[in-house]
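Chain residues, written in single-letter form:
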Amino acid sequence: MKPIQYYSLLVMGTFAAPMTSFSFFSCSTVLVLPHTSVGITRDRSLGRRSFRSRIRTGVASLYLHLLSIMAEEEKREVFDANDAALLVKELRGHFKLGKTKSYEWRVAQLKGISEMIVEKEKEIIMALQQDLSKPETEAFVSEILLTKSSCELALKSLQSWMNPEKVKTSIMTFPSSAEVVSEPLGVVLIISTWNYPFSLSIEPVIGAIAAGNAVVLKPSEVASAMSKLLADLLPQYLDKMTIRVVEGSVPETTALLEQKWDKIFYTGNGRVGRIVMAAAAKHLTPVVLELGGKCPAVVDSDVDIQVTARRIIAGKWACNNGQACISVDHIITSKDFAPKLIDALRTELERSFGKDPMQSKDISRIVNLHHFRRLTKLLDEDGISSKIVLGGQTDEQDLKIAPTILLDVPEDSLLMTEEIFGPLLPIVTVDALEGSFDLILSKPKPLAACLFSNDEELQKKFIENISAGGITINDAVLHLTVPGLPFGGVGDSGMGAYHGKFSFDTFSHKKAVLHRSFTGDSTLRYPPYETRYLSVLKALMNRNFLRVILVASGLSKP
Amino acid sequence: MGTLATPMTSFSSSSCSTELVLPHTRYSNQFKSERSSSAVLSIMAEEEEREVFDANDATLLVEELRGHFNLGKTKNYEWRVAQLKGISKMIVEKEKEIIMALQQDLSKPETEAFVSEILLTKSSCEHALKSLQSWMNPEKVKTSIMTFPSSAEVVSEPLGVVLIISTWNYPFSLSVEPVIGAIAAGNAVVLKPSEVAPATSKLLADLLPQYLDKTNIRVVEGSVPETTALLEQKWDKIFYTGNGRVGRIVMAAAVKHLTPVVLELGGKCPAVVDSNVDIQVTARRIIAGKWACNNGQACISVDHIITTKEFAPKLIDALRTELERSLGKDAMQSNDISRIVNLHHFRRLTKLLDEDGISSKIVLGGRTDEQDLKIAPTILLDVPEDSLLMTEEIFGPLLPIVTVDTLEDSFNLILSKPKPLAAYLFSNDEELQKKFIENISAGGITINDAVLHLTVPGLPFGGVGESGMGAYHGKFSFDTFSHKKAVLRRSFTGDSTLRYPPYEPRYLGMLKALMNGNFLRVILVASGLYKP
């Protein structure tokens, strides 16, 4: 963009055009500059309103107002493929200068993130409140504390992560030494999502920075307050030259995906995941896809029922009201135990969210109308409403849906075929708990699976037979908080993993390095091949070391 | 019935006749049972082998393998060991056949074939056998106060049914090496060897069912149609060795089913030569890393040399001397060097030489023999930067030498091209070695030698950028075919209600103290002695 040229063009065009055209501000912009990237704003109504109020102040001050509006407009200009290409080119230029590779740069950025989290905690929590009505404590644990811990762990471990790993060499290359050197991939794109819009943005950024990459972060437009906050904060705390935020939705993401990245890290759903991977194939870009799935919780009858109920609540409704990729999607339990479990859930839900959970401040709301309607559609399906055993209230105005438990909905209902991603919890009953295995294995591999049981044999079988990104036994979600565990999906729940050192690894190339010297070179290895050499090798393969020595020294004929 | 009516000669022209006789079906059993003449039966048996493997067959194959995989047999330690032992046994017992197939496909010298295809693959197999138990063991992981009390581990589990598409230049080892990883990790496997090395492809299709569990490990021979049919299926991993063009096709196909891919591609692997080297050893090692690597038809063989203007003539002299010592006065007659794989590749290579202004740059070699598919080791000095030789991966016996004023200039030259699968530096200058390792991005690097990093099982083998994604060899092979499942175990004891809503301000106070590392305050708040 060339702001000055753009501005003068617009002033000329607008003065010539009838005044009424101003009320459709962005349209006129498009008319004046049909082929530039300037134009449509996402927040049109606001732009229009502000302009109308200004036009009343008189033509004399129009010039100044235009200037200020232009400044605003410029910020909102559509980010297109050209802009994206320029951005990547610029970042690639900065990356090539090598600054991001230094330990000092990485530490400074990680400290910047840590400082940002501490200093802007209130703003972050407020944005989460705006986007999701996320309760403060929940926001603090899942978005502030976890991200800060990740940052501290990276700071503490960075030196050891960066050190080349020594590797043993064999007689094949004797004398030699070998090491694996971790190097940054280059310029990476992180596309994050709206449900944990701070931590799911910053957590991969920490990995990308720790590994020494230049980074573009595209936060989700669905959590608009957080998207804006990240766009404001990151340039304040981090190196603006090599770490950028691009706000936007489909057009901006499309423009970004057309570029050549050295890695794309996407968090979201399988549909977009496929689009991301298809775009990546063009440039042979490796991808990490952090997707979701229908995460089951299998509940045995031998559990501490109160603790189990609480932990399911913690892993469902206290996880962003079920809008989390590893929150419990559905429960599988035995026919006999289901009523007891429902009772316990009812009691504990009331203890947690009060008699009227729609009034509770300790639970997030549904993120927007689109998702609200997606969820109510699940409830409105034929034959579903009669299955509700708890909850079921909805409030479109406030985007609230009460914690809702359903018993034995049909296997082919949307509730059992789509990822729920909200406060609805179907309970599926089976005759024997082993039946749950077939049920889980018949569906795509989920991002998480959990089992509540004191039966160690069953625990073992569950871990052996259930394929999922991760498993928690006797709790839900918590495996996510252990930095030594890789976090990522398998099959339909995604590919690649991160957290802790895995984040560093996923944004690094592991370069194999072998060192040799010129001494001790034997001509045996080179053509013309002597039969003696082949015999030495054959003896070597058969581990006949005596023969190796004898043949090599000429004492034994091959 | 139909076949009896057609003249016998139509049978000799393979799959066409099959299509004529059975236009829309695959070979049917009842059809076979109707044959009365044993002569026709034997011809039919051949026909059956040659039938086109289409998307339906591929679907059935994957379905069948998935069924077997779901039975869980491949997950057993015992099954994995039995298969790995089968491979080891196959290599030992069929060494001659393998070497003969390589001779047929590539005229690969016996010693070279033994080292690169027999010995390395056998070692990988032995290494996997020796290490399997420890690879399979869950890795314990430390847990923190966030989940106290708990224990955590990473469990390696097989991905499921995997597809391995291998290539023609090391048609045995590049097929069997990933199969070892897939088996070690407990997967069901389909191997698609390259039709460009037909003798080895056929041998693998014959041998694998003899030595390995046929119900879980399959070989599908074929070319584009068969590969296309395979790629349409849902796999749990696709491991492809080859070029970037097909690599893109493989990755694009994998998108549909969200299948992770390993792409082992190539690139223009540079060898930078300093003037302070032991020139004789350097020349020998470049020969070993170029012509003794399947005559340059290897993804990590030296593609071009970068050296200083002054040193280039000395290096060329040394290469000339050592080449003569290695391959004789007439390298075209040497039995110690592979031929070009086929006419297509022969013509691709001669096209590089035929480009305008290239022939005058030849300082050694340059002879070609289309009949025998031979091209002499050919060295070219300072060919134009925009020539095909400097823009395409050479993958053959042509070796351009690029000269620079100072060796540091070589860095920019390398960095201006896509990231190669390997990069080599010959230098005694430790500072330069350090800079090279720091600044040159490549799949792997060998200092003062070429290619050999490939032989170290502790080093990951794989590309970066245009040279590919994912890595294998040794434990990396096991890892690449495994899902690393995070497992956290908790018990019901010691549960605190603080964690659950309704949230008490005390809890937030504790957490904040925890974040700031103020453990005294954590205790004070938790015990109610301090109000947040």
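This text follows the structure it describes.
Notes on the structure follow. Values in this document were obtained by computation on a predicted structure and should not be read as measured data. (Residues numbered from 1 in each chain as written. Chains lettered and ligands numbered in written order. Predicted model: local features only at pLDDT ≥ 70, side-chain atom pairs only at ≥ 80, totals over all residues. Heavy atoms only, no water.)

**Brief notes about the overall build of chain A**
Logical step 1: Within chain A, the secondary structure is distributed over 21 helices and 18 strands.
Logical step 2: Per-residue burial over chain A gives 59% buried out of 558 residues.
Logical step 3: In chain A, 70% of the contacts between residues at least 6 apart in sequence involve partners at least 24 apart.
Logical step 4: In the structure as shown, chain A presents an accessible area of about 22500 Å², 57% of it carried by carbon and sulfur atoms. (Helix = DSSP H or I, 4+ residues; strand = E, 2+ residues; numbered from the N terminus. Buried < 20%, exposed > 50% of the residue type's maximum accessible area, 1.4 Å probe, protein only. Contact = heavy atoms within 4.5 Å. Areas by Shrake-Rupley, 256 points an atom, 1.4 Å probe, with all protein chains shown as cover.)

**Focus: the interface of chain B and chain A**
Logical step 1: Taken together, the 107 residues of chain B in the interface contact 108 residues of chain A.
Logical step 2: A combined buried area of about 9000 Å² lies between chain B and chain A, and 64% of that area is made up of carbon and sulfur atoms.
Logical step 3: Among the residues of chain B in contact with chain A, Leu258, Phe492 and Met515 of chain B are the three that bury the most area, contributing 10% of the side total.
Logical step 4: On the surface where chain B and chain A come into contact, there are 13 salt bridges.
Logical step 5: Counting every contact that joins chain B to chain A gives 44 residue pairs in polar contact (both at pLDDT 80 or more).
Logical step 6: Partitioned by chemical class, the residues of the side of chain B that touches chain A number 51 nonpolar, 27 polar and 29 charged.
Logical step 7: In terms of strand pairing, strand β18 (residues 508–516) of chain A meets strand β16 (residues 444–447) of chain B through 4 bridges, oriented parallel. Paired with histidine 515 of chain A across the bridge in β16 of chain B is isoleucine 447 of chain B. (Buried area = accessible area lost by both parts, 1.4 Å probe. Salt bridge = Lys/Arg side-chain N within 4 Å of Asp/Glu carboxyl O. Polar contact = N/O pair within 3.5 Å; in protein donor to acceptor, adjacent residues only side chain to side chain. Nonpolar A, V, L, I, M, F, W, Y, C, P; charged D, E, K, R; others polar. Pairing = 2+ DSSP bridges.)

**Notes on helix α10 (residues 198–211) of chain B**
All names here are of chain B.
Logical step 1: Here α10 is 14 residues long and its end C-alpha atoms lie 20 Å apart, about the 20 Å a rise of 1.5 Å per residue gives.
Logical step 2: Those residues of α10 that sit buried are Ala199, Thr200, Ser201, Leu203, Leu204, Leu207, Leu208 and Tyr211.
Logical step 3: Buried residues along α10 sit in contact with α6 (77–93), α7 (95–106), α9 (173–184), β4 (188–192) and β5 (217–219). (Expected span 1.5 Å × (residues − 1).)

**Some thoughts on a negative patch on the surface**
Residues and elements named next belong to chain A.
Logical step 1: Together, Asp302, Asp455, Glu456 and Glu457 line one region of the surface with negative charge.
Logical step 2: Structurally, the position occupied by glutamate 456 is in helix α18 (residues 456–465).
Logical step 3: Of the residues examined, glutamate 456 reaches a relative accessible area of 62% and is grouped as exposed. (Patch = residues over 30% accessible without salt bridge, like charges linked within 9 Å, V, L, I, M, F, W, Y side chains within 5 Å. Lys, Arg positive; Asp, Glu negative; His and termini not counted. Charge placed at Lys NZ, Arg CZ, Asp CG, Glu CD.)

**Considering the pairing of strand β6 (residues 237–241) of chain B**
Residue and element names in this part refer to chain B.
Logical step 1: Summarising burial for β6: 5 of the 5 residues are buried, a large majority.
Logical step 2: Residues Lys237, Phe239 and Thr241 line one face of β6 and the alternating positions Ile238 and Tyr240 line the opposite face, and both faces are buried.
Logical step 3: Where strand β3 (residues 161–165) and β6 come together, 4 bridges link them in parallel fashion. In the strand pairing of β6, isoleucine 164 is matched with phenylalanine 239.
Logical step 4: By the bridge criterion, 4 bridges tie β6 to strand β7 (residues 261–264) in an arrangement that is parallel. Counted as the bridge partner of isoleucine 238 is valine 261 from β7.
Logical step 5: Once the chain exits β6 it traverses helix α12 (residues 244–255) before rejoining the sheet at β7, and the crossover so formed is right-handed. (Right-handed = clockwise from strand over helix to strand, strands pointing away.)

**As for the sheet that holds strand β6 (residues 263–267) of chain A**
All names here are of chain A.
Logical step 1: If you trace the 6 strands from one edge of the open sheet to the other, you get β5-β4-β3-β6-β7-β17, paired in mixed fashion. Only two strands of the sheet have a single neighbouring strand rather than two, namely β5 (243–245) and β17 (494–495).
Logical step 2: Strand direction decides the pairing type here: strand β7 (residues 287–290) and β17, joined by 2 bridges, are antiparallel. Pairing of leucine 289 across the sheet is with methionine 495, part of β17.
Logical step 3: Sheet contacts for helix α12 (residues 270–282): β3 (187–191), β6, β7 and β17; angle to β7, the most-contacted strand, approximately 180°. (Axes fitted to C-alpha atoms, helices over the stretch in contact; angles between N-to-C directions.)

**Quick notes on the nonpolar core**
The nonpolar side chains of soluble globular proteins are, as a tendency, buried together.
All names here are of chain A.
Logical step 1: Membership of the largest hydrophobic core comes to 102 residues, with the highest contact counts inside it found for Leu110, Ile113, Ile209, Met226, Ile331 and Leu345.
Logical step 2: Considering each element in turn, this core owes the most residues, 11 residues, to helix α8 (residues 136–162).
Logical step 3: Excluding residues within four positions of it along the chain, isoleucine 209 makes contact with Trp105, Arg106, Gln109, Leu110, Ile113, Val215, Leu238 and Ile243. (Core = buried A, V, L, I, M, F, W, Y, C linked by side-chain atoms within 4.5 Å.)

**What to know about the packing of helix α7 (residues 121–132) of chain A against helix α10 (residues 224–237) of chain A**
Residue and element names in this part refer to chain A.
Logical step 1: Contact geometry for α7 and α10: axes closest at 7 Å, N-to-C directions at 150°. The orientation of α7 with respect to α10, classified from their angle, is roughly antiparallel. Residues Glu123, Ile124, Ala127, Leu128, Gln130 and Asp131 of α7 touch α10, and the partners they reach there are Ser224, Ala225, Met226 and Leu229. (Parallel < 35°, antiparallel > 145°, perpendicular 65-115°, else oblique.)

**A closer look at the sheet that holds strand β2 (residues 176–184) of chain A**
Sheet strands associate in pairs through backbone hydrogen bonding, adopting either a parallel or an antiparallel arrangement.
Logical step 1: With mixed pairing, 10 strands are arranged side by side in an open sheet as β1(A)-β2(A)-β18(A)-β16(B)-β15(B)-β8(B)-β9(B)-β14(B)-β13(B)-β10(B). Taken across any chain shown, the strands that pair with only one partner, and hence form the sheet edges, are β1 (165–167) of chain A together with β10 (362–364) of chain B. On average, each strand axis in the sheet is tilted by 25° relative to the strand beside it, whichever way the strands run.
Logical step 2: Of the strand pairs in this sheet, strand β13 (residues 378–381) of chain B and strand β14 (residues 398–404) of chain B are connected by 4 bridges, and their pairing is parallel.

**Examining the pattern of salt bridges**
Residues and elements named next belong to chain B.
Logical step 1: What the rule picks out here adds up to 62 salt bridges over all chains.
Logical step 2: Of the charged contacts in the structure, one is a salt bridge between glutamate 117 and lysine 108, with a shortest N-O distance of 2.6 Å. The residues glutamate 117 and lysine 108 share a single accessibility class, namely buried.
Logical step 3: Across the pair lysine 140 and glutamate 153 runs a salt bridge whose closest N-O atoms are separated by 3.2 Å. Of this pair, lysine 140 sits in strand β1 (residues 139–141) while glutamate 153 sits in strand β2 (residues 150–158); the two residues are 13 residues apart in sequence, bridging distant segments of the chain.
Logical step 4: For lysine 140, a relative accessible area of 65% translates into the label exposed.
Logical step 5: A residue is classified by how much of its surface remains accessible, and glutamate 153, at 5% relative accessible area, is buried.

**Describing the side chain of histidine 283 of chain A**
Logical step 1: One can find histidine 283 of chain A in the loop between α12 and β7.
Logical step 2: Polar side-chain contacts of histidine 283 of chain A include one of 3.2 Å to the backbone oxygen of glutamate 258 of chain A.
Logical step 3: Setting aside chain neighbours within four positions, we find histidine 283 of chain A in contact with Glu258, Gln259 and Lys260 of chain A together with Arg248 and Glu466 of chain B.

**Observations regarding the state of the cysteines**
Logical step 1: This model, assessed by the stated rule, comprises 0 disulfides over all chains.
Logical step 2: In this structure cysteine 325 of chain A is a free cysteine whose sulfur lies 7.4 Å from that of cysteine 295 of chain A, the closest cysteine sulfur available. (Disulfide = S-S within 2.5 Å.)

**Details of the packing of aromatic side chains**
Where two aromatic rings form a pair, the distance of their centres and the angle of their planes describe that pair.
Logical step 1: Taken as a whole and assessed by the stated rule, the structure comprises 12 aromatic pairs over all chains.
Logical step 2: Between tryptophan 168 of chain B and phenylalanine 395 of chain B, the aromatic rings sit 5.7 Å apart at their centres with planes inclined by 80°, giving edge-to-face as the arrangement. Separated by 227 residues along the polypeptide, tryptophan 168 of chain B in the loop between β3 and α9 and phenylalanine 395 of chain B in the loop between α16 (388–391) and β14 bring together distant segments of the chain. Residues tryptophan 168 of chain B and phenylalanine 395 of chain B agree in their burial class; the two are buried.
Logical step 3: An aromatic cluster is built from Phe265, Phe487, Tyr498 and Phe507 of chain A, whose rings are joined through pairwise contacts.
Logical step 4: Lying across the ring of tyrosine 170 of chain B, lysine 108 of chain B places its NZ or CZ 3.7 Å from the centre. (Phe/Tyr/Trp six-rings, centres within 6.5 Å; stacked < 30°, edge-to-face > 60°. Lys NZ or Arg CZ within 6 Å of the ring centre and 35° of its normal.)

**Some words on the side chain of serine 175 of chain B**
Residue and element names in this part refer to chain B.
Logical step 1: Along the chain, the position of serine 175 falls in helix α9.
Logical step 2: A residue is classified by how much of its surface remains accessible, and serine 175, at 0% relative accessible area, is buried.
Logical step 3: Side-chain polar atoms of serine 175 contact the backbone oxygen of proline 171, separated by 2.7 Å.
Logical step 4: Aside from chain neighbours lying at most four places away, what touches serine 175 is Ile164, Ser166, Tyr170, Leu191, Pro193 and Leu204.

**Some words on the packing of helix α13 (residues 305–315) of chain A against helix α14 (residues 338–353) of chain A**
Residue and element names in this part refer to chain A.
Logical step 1: Where α13 meets α14, the closest approach of the two axes is 9 Å, and the angle between their N-to-C directions is 60°. By the angle between their directions, the pair α13 and α14 is classed as oblique. Taken as a pair, α13 and α14 cross one another with a handedness that is right-handed. On α14, the residues that touch Ile305, Gln306, Thr308, Ala309, Arg310, Ile312 and Ile313 of α13 are Lys340, Leu341, Ala344, Leu345, Glu348, Leu349, Arg351, Ser352 and Phe353.
Logical step 2: Grouping the constituent residues of the contact of α13 with α14 by class yields 9 nonpolar, 3 polar and 4 charged. (Left-handed = near helix turned anticlockwise from the far one by under 90°.)

**Considering α13 of chain A**
Logical step 1: Of all 11 residues making up α13 of chain A, 9 are buried, and the element is well covered by its neighbours.
Logical step 2: Of the residues flanking the start of α13 of chain A, the one acting as N-cap is aspartate 304 of chain A, its side-chain oxygen 3.2 Å from the backbone nitrogen of glutamine 306 of chain A.

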